[in-house]
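What follows is the residue order along each chain.
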Amino acid sequence: MDEAFSEIEITPAVSENSKHAQWMKAALDMGEKALEHGETPVGCVLVHNDKIVGRGMNDTNRSMNGTRHAEFLAIAEFLQSFPKSALQSTDLYVTVEPCIMCASALRQYRIRSVYFGCANDRFGGTGGVLTIHADRSIDSAYPVYGGLFQKEAIMLLRRFYIQENTKAPVPRAKKHRELNTAFDQVREITATNGVEVLPSSQ
Amino acid sequence: MHAAEIIKAIEPLKGSVVAIKTVQETRPLEDFADAFIAEINVKSASKVIKALDSAFPRDESLPMSHLRRFAKRNMIPQELLAAIEAVSPPDLHDGQTLFVMLPPPLPDAEALRKLLAQFAPQPRRRNSTTPPRPDPATSQPEAAPSDSPSAAQASTSSTSPEPQIPQISLVTTRVPIYPPFNISQADQWTKTMWPVVFNPAAPRSNVAPPPQILSRTREAIEPRAGHFLALARKVAEEAHTSGRGRAVGAVVVDPAIESELESIAWDKDSDPTEHWMDAVVAVAGDVRYARLEAAHKFNETNQTLGDETSQTTSGYNPDIEGGPDLHALMRAAEFIARRRRQEDEELAETPEPALPVVLTDPQLSNQLSPLESYFLNETSRLTLGPEPDQWPTSNLSPKKRKHGDSGAGWADEPQVSSCSTAPSTAPSGEKNPSARTEDGSCSAVDCNGDGPSSPGSRIRTRSEGGYLCTGLDIYLTHEPCVCCSMGILLSRFRAVIYPRTGRLPSGGIASEPIVRPTRDEHAPKEGEHQGEHREYYGLHWRKELNWRALGYEFVETELNEAGEGATALTKDGSQEDVIFHA
């Protein structure tokens, strides 16, 4: 199963008007919507035959369900119009690397491939912490490409985490924090763990 | 059969609860580095420590407190002692010596020798018969890092060849840089490398749950675990016979209610397991096939549907497996969330139609099975007799007890702060048991369960401190899949429990193969046939992840004739060898 990756071509350079850029921008728009609604800003789109067939944003706060991540919402929308089997010819564009839960769900749903923006060092399931997309499993592996509009995805998250969480039991004052715009501390997404690196969006 | 009758008829599984190790325990992090060993005058030990600590400040990030700083000759492993004696023969000095260990990172050898020179062993008195001292230049060359843990290399000072006694000889040896996980590992290292201390009370940081919390929780859940797992199997059976899903079931339990039941039973001197069902806040079955079926079919004859889908359970066909959001665990989490959404008035008053989310019911949480409906809606109160006097007062409310007793709070759980407000709201709150019982028996409550102010649920509302599944335990018929295992963490469950016979190679919790005594040849050979073909993620507690839960397996002592527990409920045994995602 693991050999499947080597046969996938590395995605050509991402220019402003490439299709990959177009889809990831749509995912970033969903991330913006999540931010507007007080959700951790992660957004995604499902693309089938050059069309967006599902959109998702993080929905854990509104739903009060910690498992309602963007990927699940997009798949739910997808399944309203398509059979599950159509996911085998569908790609996911998501602003942040899928978490372990979503990485497994995407595999069970047999996604064709996953493109993500920034890595997820805390919960990442496609290279960040574990490599659920490539490990031994009863479902076939899928290729993952990271680093697409990475900075934009990170800035979304920073804009969220600089806010004070008024819903927290003990809100932490963050009045004096300034939005960090530097990227020198950001871990580079390396081509290890079966994750291909997309050329920078710039 | 009516749900209440099913529950009444439940025979608990018999067996014991065992903690599931973490992957850091089953695949311990071992790493070794070189340390210097020097022989010194026994009387200067404390001065040596002072001198070493000021000259070579310790690396705070690598505390080496598991390594003894000093060792007597009889504590040194044979091989190391031989290397030491090769460069520092014991008969050269007066025998009043001790060995000091300088942990990695290694300082400059020459600087160390100079520093320690004043503490060198005292020479043997002149009138004794001293054999000729071997020329240091002929012994082994300058210390080089050894490459195997057991190898030890010796070196002596090559810069002071004149027969000036005393002098310091340094020997390098491999030492473990991480503390031992258990006594036997400590013994092993002590015998082969350097004396190592095992400190069970030392914080193992994130590597494993604190042992006292793990064992206290195990003791607390063990009396009723067999009941909850038996109920989970009933829920699974319901899911299977309805044709909506595989035979997988989940039972969510509030340990705070459990400890309340315990204290009541203690006061009444009654069986603390008698009212086990009162601690169940929700049950959920697998519905992975239900998306394919039209919703109305569920209300048709179950038998027909059961037959239709019986073929699907005999194999794994991803196209008809639904998705993990239809798994029992994911639905259980959604039931609790949905309940809170309905109870959250604020949310109801300010609907956000512009919200770009799917507003349908992707997890079919509105299509409840009889058992699901029973526990979500119909059981409004504890089923104990109407004896308000027996109820604990509000300072024994679930939230209070939870933090006093069940020791769940190792993460930043919201309830910790809401706890202080609980007693003031308890007298009128729905969670107050005395309020629940004052108007009669359980069956008197008639609620549809969908109203925003339904008094039926045992699920703590947000204002009562309820947040996701914080502090709750989940009992499953099978080891949850990787997706659901991570869902357990993201939902902040306190603990996950499943029967060992419910292990699946696709699971995300187990951390090692089952080692089974081979005495009984009819015993399931699960470890054998699954062991080499799966990943062992141990997701319940991994140091890399921000959230962690306690993990337990239920080991049954009385398996039925087929030797199978969970899989036997399909009755035809067809599920036995099918690997799927639970």
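In what follows, the structure referred to is the one given above.
Residues numbered from 1 in each chain as written. Chains lettered and ligands numbered in written order. Predicted model: local features only at pLDDT ≥ 70, side-chain atom pairs only at ≥ 80, totals over all residues.

## Some thoughts on the packing of helix α4 (residues 100–108) of chain A against helix α17 (residues 482–490) of chain B
Between two packed helices, the angle of one axis relative to the other and the distance separating the axes together describe the packing. For the pair α4(A) and α17(B), interaxial distance at closest approach is 8 Å and the crossing angle is 155°. Comparing their axes, α17(B) and α4(A) come out roughly antiparallel. α17(B) is crossed by α4(A), and the crossing has left-handed handedness. Across the interface between the two elements, A:Ile100, A:Met101, A:Ser104, A:Ala105 and A:Gln108 of α4(A) pack against B:Val482, B:Cys483, B:Met486, B:Gly487 and B:Leu490 of α17(B). (Axes fitted to C-alpha atoms, helices over the stretch in contact; angles between N-to-C directions. Helix = DSSP H or I, 4+ residues; strand = E, 2+ residues; numbered from the N terminus. Parallel < 35°, antiparallel > 145°, perpendicular 65-115°, else oblique. Left-handed = near helix turned anticlockwise from the far one by under 90°. Contact = placed C-beta atoms within 7 Å.)

## Details of the interface of chain A and chain B
Taken together, the contact pairs 40 residues of chain A with 39 residues of chain B. At the level of elements, α1 (19–36), β2 (51–57), α2 (60–63), α3 (70–81) and α4 of chain A are the ones that each hand at least two residues to the side of chain A that touches chain B. It is α3(A) that contributes the most residues to the side of chain A that touches chain B, seven residues altogether. Partitioning the side of chain A that touches chain B into residue classes produces 19 nonpolar, 10 polar and 11 charged. (Nonpolar A, V, L, I, M, F, W, Y, C, P; charged D, E, K, R; others polar.)

## Looking at the pairing of strand β2 (residues 32–41) of chain B
Residue and element names in this part refer to chain B. Taken across its 10 residues, β2 has eight buried, putting it largely inside the fold. Bridge count between β2 and strand β6 (residues 170–176): seven bridges; the pairing is antiparallel. Across the sheet, Ala33 pairs through a bridge with Val175, a residue of β6. Across six bridges, the pairing between β2 and strand β4 (residues 97–102) is antiparallel. Directly across from Ala38, in β4, lies its bridge partner Val100. (Buried ≥ 20, exposed ≤ 12 C-beta atoms within 10 Å, placed from the backbone. Pairing = 2+ DSSP bridges.)

## A short note on the sheet that holds strand β8 (residues 280–285) of chain B
All names here are of chain B. The six strands lie next to each other as β1-β11-β10-β9-β7-β8, forming an open sheet whose pairing is mixed. Sheet topology places β1 (15–19) and β8 at the edges, where each strand pairs with a single neighbour. Strand-to-strand twist of the sheet, defined as the mean angle between neighbouring strand axes without regard to direction, takes the value 20°. Pairing of strand β10 (residues 495–499) with strand β11 (residues 550–556), which is carried by five bridges, proceeds in the parallel orientation. In the sheet register, Pro499 faces β11, and the bridge partner there is Phe554. With respect to the sheet, helix α7 (residues 211–242) is in contact with β1, β7 (249–253), β8, β9 (473–476), β10 and β11, its orientation differing from that of β7 by roughly 140°.

## Section: the environment of B:Glu219
All names here are of chain B. With respect to the helices and strands, the residue Glu219 is situated in helix α7. For Glu219, a count of 10 C-beta atoms within 10 Å puts it in the exposed group. Counting along the chain gives 203 residues from Glu219 to Ser16, while the straight-line C-alpha distance between them is 9.9 Å.

## Side note on the packing of helix α10 (residues 328–343) of chain B against α17(B)
Residues and elements named next belong to chain B. Where α10 contacts α17, the two axes come as close as 9 Å, and the packing angle between them is 25°. Overall, the two elements α10 and α17 adopt an arrangement that is roughly parallel. Once α10 is placed against α17, the crossing between them reads as left-handed. Of the residues in α17, those touching α10 at Leu329, Met330 and Ala333 are Cys484, Gly487 and Ile488. Partitioning the contact of α10 with α17 into residue classes produces five nonpolar, one polar and no charged.

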